[in-house]
Amino acid sequence: MATPSGPVSSLHRAGAPVASPKVEIIQPYEMFTNRRNEPRFECNDRGCLLFLNSQQTIHCTILDQSASGAQVLFEEIGEIPAEVWLIDLDAHILRRGRSVWTMAHKMGLKFDFIEKLTPGKMPSPKVPRAVYEMWQRLNQPAPPKDDDTFFLD
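Model, not experiment: these values are computed from the prediction.

1. Thoughts on the sheet that holds strand S5 (residues 93-102)
Strand order in this closed barrel of six strands is S1-S2-S3-S6-S5-S4, and the pairing throughout is antiparallel. The sheet shows a mean angle of 45° between the axes of neighbouring strands, direction not considered. Inspection of the sheet shows strand S1 (residues 41-51) paired to strand S2 (residues 56-65) by nine bridges, in the antiparallel sense. Note that in S2 the partner of Gly47 across the bridge is Cys60. Relative to strand S4 (residues 84-88), helix H2 (residues 129-138) is tilted by about 30°, and along the sheet it contacts S1, S2, S4 and S5.

Next comes the structure, spelled out in C-alpha cells:
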C-alpha cells in the first residue's frame, strides 16, 4: 500500500478542491466590486470636464484615477457627449475619454489619450486648441486680494 510522501490537507482528503497557486478563485460578490484593468489611486484633485461639441465646462473633483480611467464628482451635468476631456488642474494633465457610467453627481471615465502639460510649452498636435486654451484659462493664478482696506475706529 502506497502512502503519501508529504502531508495531505484535510480539505483534499474530504474531497473538496484545493486551489493551486496558478488559479485565482473569484467569489460571485467580488466580480462586481472592482472591474478595472488596473488599480486606481485616490487623489481628490481639482478638475474640469470639457465637452467640445457644446463648449460646456463642468468643474469637478477627481476622486480617484489611473492611467486608463477616473471617477469624478460634480454638482450638475446635462447630456454627456461621446467625447469628454478631463483637465486635471492640480497635476496639469489632459485626458480624452468617454463616460462608462453615470450617477446623479458622479461619473466614471475611460481614457484613450493622456498628455501632461507644461506651462509655457505647446502641447502635441493631438490636443485641440480649445482644450489647451481652456487649460490655460483655468490654470491662471487667482487674482491678488485687495489689501487696501482701511479700518476706522
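2. Quick word on the pattern of salt bridges
Under the defined criterion, the tally for this structure stands at five salt bridges. One salt bridge in this structure joins Arg46 and Asp90, with 2.9 Å as the shortest N-O distance. Residue Arg46 is found in strand S1, and its partner Asp90 is found in the loop between S4 and S5; the two are separated by 44 residues along the sequence. Since its relative accessible area comes to 36%, Asp90 is described here as partly exposed. A salt bridge links Arg96 to Asp112; the nearest nitrogen and oxygen atoms lie 2.9 Å apart. Within this pair, whereas Arg96 is found in strand S5, its partner Asp112 is found in strand S6 (residues 106-116), the two being separated by 16 residues in sequence.

3. Let's talk about H2
Considered for burial, the residues of H2 that qualify are Val131, Tyr132, Met134 and Trp135. Seen end-on, H2 carries its buried residues on one side only, within an arc spanning 160°. In this structure, H2 carries Arg129 and Arg137 as exposed residues pointing more than 90 degrees from its buried face. Contact partners of the buried residues in H2: S1, S2, S4 and S5.

4. Description of unusual backbone geometry
When glycine is set aside, most residues are seen to have a negative phi, and most peptide bonds are trans. The phi dihedral of Gln55 falls on the positive side, at around 55°, and the residue is not glycine. The topology assignment puts Gln55 in the loop between S1 and S2. Of note in the backbone geometry, His92 takes a positive phi value of approximately 55° without being a glycine. Its location among the elements puts His92 in the loop between S4 and S5.

5. As for the pairing of S5
Taken together, the five bridges between S4 and S5 define a ladder with antiparallel strand orientation. By the bridge assignment for S5, Asp88 is matched with Ile93. Linking S4 back to S5 in an antiparallel pair, the connection comprises four residues, with His92 at a positive phi of about 55°. As paired strands, S5 and S6 are joined by nine bridges and run antiparallel to one another. Considered in S6, the bridge of Arg98 is made with Lys110. Counting the residues between successive antiparallel strands, the hairpin from S5 to S6 contains three residues.

Rules behind the numbers
- Residues numbered from 1 in each chain as written.
- Predicted model: local features only at pLDDT ≥ 70, side-chain atom pairs only at ≥ 80, totals over all residues.
- Heavy atoms only, no water.
- Pairing = 2+ DSSP bridges.
- Helix = DSSP H or I, 4+ residues; strand = E, 2+ residues; numbered from the N terminus.
- Axes fitted to C-alpha atoms, helices over the stretch in contact; angles between N-to-C directions.
- Contact = heavy atoms within 4.5 Å.
- Salt bridge = Lys/Arg side-chain N within 4 Å of Asp/Glu carboxyl O.
- Buried < 20%, exposed > 50% of the residue type's maximum accessible area, 1.4 Å probe, protein only.
- Arc of directions from axis to C-beta.

By themselves these figures say nothing about function.
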